[in-house]
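Secondary and tertiary structure notes
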Amino acid sequence: MQATDQHTEAQRAEFKRLFVVRRRRRRLVAASFLALVVAVLVLRARGVEEAFGVPSARWGLYVFGYGVLSVLLSFVSWRCPACNRPLGRYGNPRFCFRCGAPLQ
């Protein structure tokens, strides 16, 4: 009996749906972090001293904090919907390497 035979078609479909949501969330966080870094670099290059009431001396601290939160969110949410174990560093796995559940 294979690992994927343990689950019904409805369960497999739900695993795939949840994986799409988690992958989309992960990509959104990564894209927003990249956009923040680019925005800070552009503002610094143009010599802007303050943006939205935040002095430029604190921008690096906020970028660092957002980066730490992004990594923590990744550790918490980048998990297999079937076995709830981490999916590792792979950005788009077809199946869970631990339980074999199909993700795509």
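The rules behind these values
- Residues numbered from 1 in each chain as written.
- Predicted model: local features only at pLDDT ≥ 70, side-chain atom pairs only at ≥ 80, totals over all residues.
- Heavy atoms only, no water.
- Helix = DSSP H or I, 4+ residues; strand = E, 2+ residues; numbered from the N terminus.
- Rg over C-alpha atoms; globule rule 2.2 N^0.38 Å.
- Buried < 20%, exposed > 50% of the residue type's maximum accessible area, 1.4 Å probe, protein only.
- Contact = heavy atoms within 4.5 Å.
- Areas by Shrake-Rupley, 256 points an atom, 1.4 Å probe, with all protein chains shown as cover.
- Lys, Arg positive; Asp, Glu negative; His and termini not counted.
- Charge placed at Lys NZ, Arg CZ, Asp CG, Glu CD.
- Expected span 1.5 Å × (residues − 1).

Another point: the overall build of the chain. Helix and strand content of the chain: two helices and two strands. Counting helices and strands in the order they occur from the N terminus, the chain gives α-β-β-α. Scaling as 2.2 N^0.38, a compact globule of 104 residues should have a C-alpha radius of gyration of about 13 Å, whereas the chain reaches 19 Å, well beyond that. By principal-axis analysis of the C-alpha atoms, the chain measures approximately 65 × 20 × 15 Å. Residues counted as buried form 24% of the 104 residues belonging to the chain. Once local pairs closer than 6 in sequence are excluded, the contacts in the chain between residues at least 24 apart make up 49%. When the accessible surface of the chain is summed, it comes to about 7400 Å², and 62% of that surface belongs to carbon and sulfur atoms. Mean positive and mean negative side-chain charge positions of the chain (17 and 5 charges, respectively) differ by 5 Å.

Our next topic: helix α1 (residues 9-45). Between its first and last C-alpha atoms α1 spans 54 Å; for 37 residues at 1.5 Å apiece the expected length is 54 Å, and the two agree. By the burial criterion, the buried members of α1 are Arg12, Phe15, Phe19, Arg22, Arg23, Val29 and Val40. Of the surrounding secondary structure, the elements contacted by the buried residues of α1 are α2 (59-77).

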